[in-house]
Amino acid sequence: MKKFFLYDPNLLIYGFIMVFFASFGQTFYIALFNEDIRNFYKITDGEFGLVYAIATLVSSFLFINFAKLIDKIDLRFYSIGVVFGLAVACIGFYFIFDNVFHLFLILFLLRFFGQGAMTHAGSTSMARYFLIDRGKAISVATLGGMLGIMFLPKIVVNLDAYFNFKTLWFLTTLTLLILIPIVYFILYNQKNRDIGLKKNIDNEKTHKSWTITEILKDRVFFIYFPLAASFPFIGTGLMFHQIYIFNAKGWTIEMLGNGYIYFGFFSILGLLIGGPLIDKINTKKAIPFVLLPLLVCITVLLFFDNYWSFVVYMSLFGFNLGLSAPFMGSLWAEIYGVKSIGTAKALLHAVGVFASALSPVVFGYIIDWGYGISIIFLISFIMIVVSSFLPIIYKT
């Protein structure tokens, strides 16, 4: 383990902080301001979900071509550009005005640069440059996101007592601007890192450069992409409408902040198990079982209302997020090689973002129409079962 951390500590720090600060464009962070935003614009859960979905869908389509740049340009310049882009998105909520298109533009930029580009940069760099301990490296980057989920909601809830939501987004912007010179300094030796990577690419599979068109023609892609889409769809929907879920189950808002502590702790546990495990086993054989914790999670959500069911729900939710991150990250590097990992993950990321765009509006209108948690459970259950059985039936 010591050898792993000493191999390229700067890059590990880079991956960690990129994914951590990408939290500002993630659903869980935006959802903390759900009520404030809806009250400002006087819109319902379903209407907000629809705007959010359209913004996320547009960002996912445009992101596919943008994300390929990480395979072609210096990582320092790519990273600085996407951090600045997220800062521009965050300041939009400080200068917010009553126009739904303005809301759409802010959400588009948050999703494009936060959930999209910054997360992609952190995780892709781990998969590309750590050829031996790829699972561990992806886990380190993902740990940044887990700690963001674990601590940022608690921080926001506490600061909300002193500042309005506009000021909180202004502070978010300042944090990102401070991050820019830090990222540049951490990646000062990026040219040497790229030279070392070229020397390590020595097998025929890795030498092949896959285009998006070739990947879309590959049968293997369609076997595994439902698994890649299921957790973003279900997880985003549950997080986006977390206020409704907590109210429906009789859980207090104060429990929400504590719930993310459980979520974060068990997501880290999932990372600690998943990262080292993925370096020792065949990813494609193990991947069909990666959503089992989520299946138990939504079952608990449907049938139980007490405090301990809340703890189990948040814990399993987080555990599955942590466990699946290194599995999904390693899967695409294993199938398409490190030379094309940026292109492959850009496409898969777009699939995930597309899925995460649909669930807020789907779950939102399910809530507006009065069906609630039971139908949300049914949709989620079908997705998990179908996507898990595809790799078993169609072995690659």
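Here, the structure is the one placed above.
Analysis parameters
- Residues numbered from 1 in each chain as written.
- Predicted model: local features only at pLDDT ≥ 70, side-chain atom pairs only at ≥ 80, totals over all residues.
- Heavy atoms only, no water.
- Core = buried A, V, L, I, M, F, W, Y, C linked by side-chain atoms within 4.5 Å.
- Buried < 20%, exposed > 50% of the residue type's maximum accessible area, 1.4 Å probe, protein only.
- Helix = DSSP H or I, 4+ residues; strand = E, 2+ residues; numbered from the N terminus.
- Contact = heavy atoms within 4.5 Å.
- Phe/Tyr/Trp six-rings, centres within 6.5 Å; stacked < 30°, edge-to-face > 60°.
- Axes fitted to C-alpha atoms, helices over the stretch in contact; angles between N-to-C directions.
- Left-handed = near helix turned anticlockwise from the far one by under 90°.
- Nonpolar A, V, L, I, M, F, W, Y, C, P; charged D, E, K, R; others polar.
- 1 Å grid on protein atoms, 1.4 Å probe; cavity = no way out; pocket = protein on both sides within 12 Å on 5 of 7 lines; lining within 4 Å.
- Points joined across faces, edges and corners; volume = space filled by probe spheres on them.
- Salt bridge = Lys/Arg side-chain N within 4 Å of Asp/Glu carboxyl O.

By size, the foremost hydrophobic cluster in this structure holds 134 residues, and its most contacted members are Phe93, Leu107 and Leu110. Per-element accounting of this core gives the leading share, 15 residues, to helix α7 (residues 100-129). Residues within four places of leucine 110 in sequence aside, it is in contact with Phe24, Gly25, Ile30, Leu86, Ala89, Cys90, Phe93, Gln115 and Trp169.

For residues besides glycine, phi is generally negative; the peptide bonds are generally trans as well. Even without being glycine, lysine 42 reaches a positive phi, approximately 55°. Inspection of the secondary structure puts lysine 42 in the loop between α4 (34-41) and α5 (45-67). The exposure class of lysine 42 is exposed, given its relative accessible area of 70%.

Evaluation of the coordinates by the stated rule reveals 43 aromatic pairs. Ring plane angle 40° and centroid distance 5.1 Å describe the contact between phenylalanine 48 and phenylalanine 240, whose orientation is recorded as tilted. Taken together, the residues span a long stretch of sequence, with phenylalanine 48 in helix α5 and phenylalanine 240 in helix α13 (residues 219-240) at a distance of 192 residues. Accessibility classification places phenylalanine 48 together with phenylalanine 240 in one group, the buried group. Pairwise contacts between aromatic rings join Phe231, Phe246, Trp251, Tyr262, Phe263, Tyr307, Trp308, Phe310, Tyr313 and Phe317 into one cluster.

Where helix α14 (residues 242-249) contacts helix α15 (residues 253-278), the axes come no closer than 10 Å and their chain directions differ by 120°. With respect to the hand of their crossing, α14 and α15 are arranged in right-handed fashion. Packed against α14, whose contacting residues are Gln242, Ile243, Phe246 and Asn247, the element α15 presents Ile253, Met255, Leu256 and Tyr260 at the interface. Residues of the contact of α14 with α15, tallied by class, amount to 6 nonpolar, 2 polar and no charged.

The subject of this paragraph is empty space enclosed by the protein. Tallying each qualifying case throughout the model produces 3 cavities of 30 Å³ or more. Each pocket or cavity is described by its volume, and for the largest cavity that value is around 940 Å³. Lining the largest cavity are 35 residues, and of these Gln26, Thr119, Pro232, Leu321 and His349 lie nearest its centre. A per-class count over the lining of the largest cavity returns 18 nonpolar, 15 polar and 2 charged. Around the second largest cavity, the lining residues are Leu238, Met239, Gln242, Phe246, Tyr260, Phe263, Tyr313, Met314 and Phe317. Looking at the lining of the second largest cavity, the elements that each hand over two or more residues are α13, α14, α15 and α18 (307-336). Residue contributions to the lining of the second largest cavity peak at 3 residues, all from α18. Taken together, the residues of the lining of the second largest cavity sort by class into 8 nonpolar, 1 polar and no charged.

Right, let's get into the pattern of salt bridges. Under the counting rule described, the total for this entry stands at 2 salt bridges. When the shortest N-O distance is used, the salt bridge between aspartate 74 and arginine 76 registers 2.7 Å. Per residue, the accessibility class of aspartate 74 equals that of arginine 76, and both read buried. Across the pair lysine 249 and aspartate 305 runs a salt bridge, and its minimum N-O distance is 2.6 Å. Here lysine 249 is found in helix α14, whereas its partner aspartate 305 is found in the loop between α17 (292-303) and α18, with 56 residues between them in sequence.

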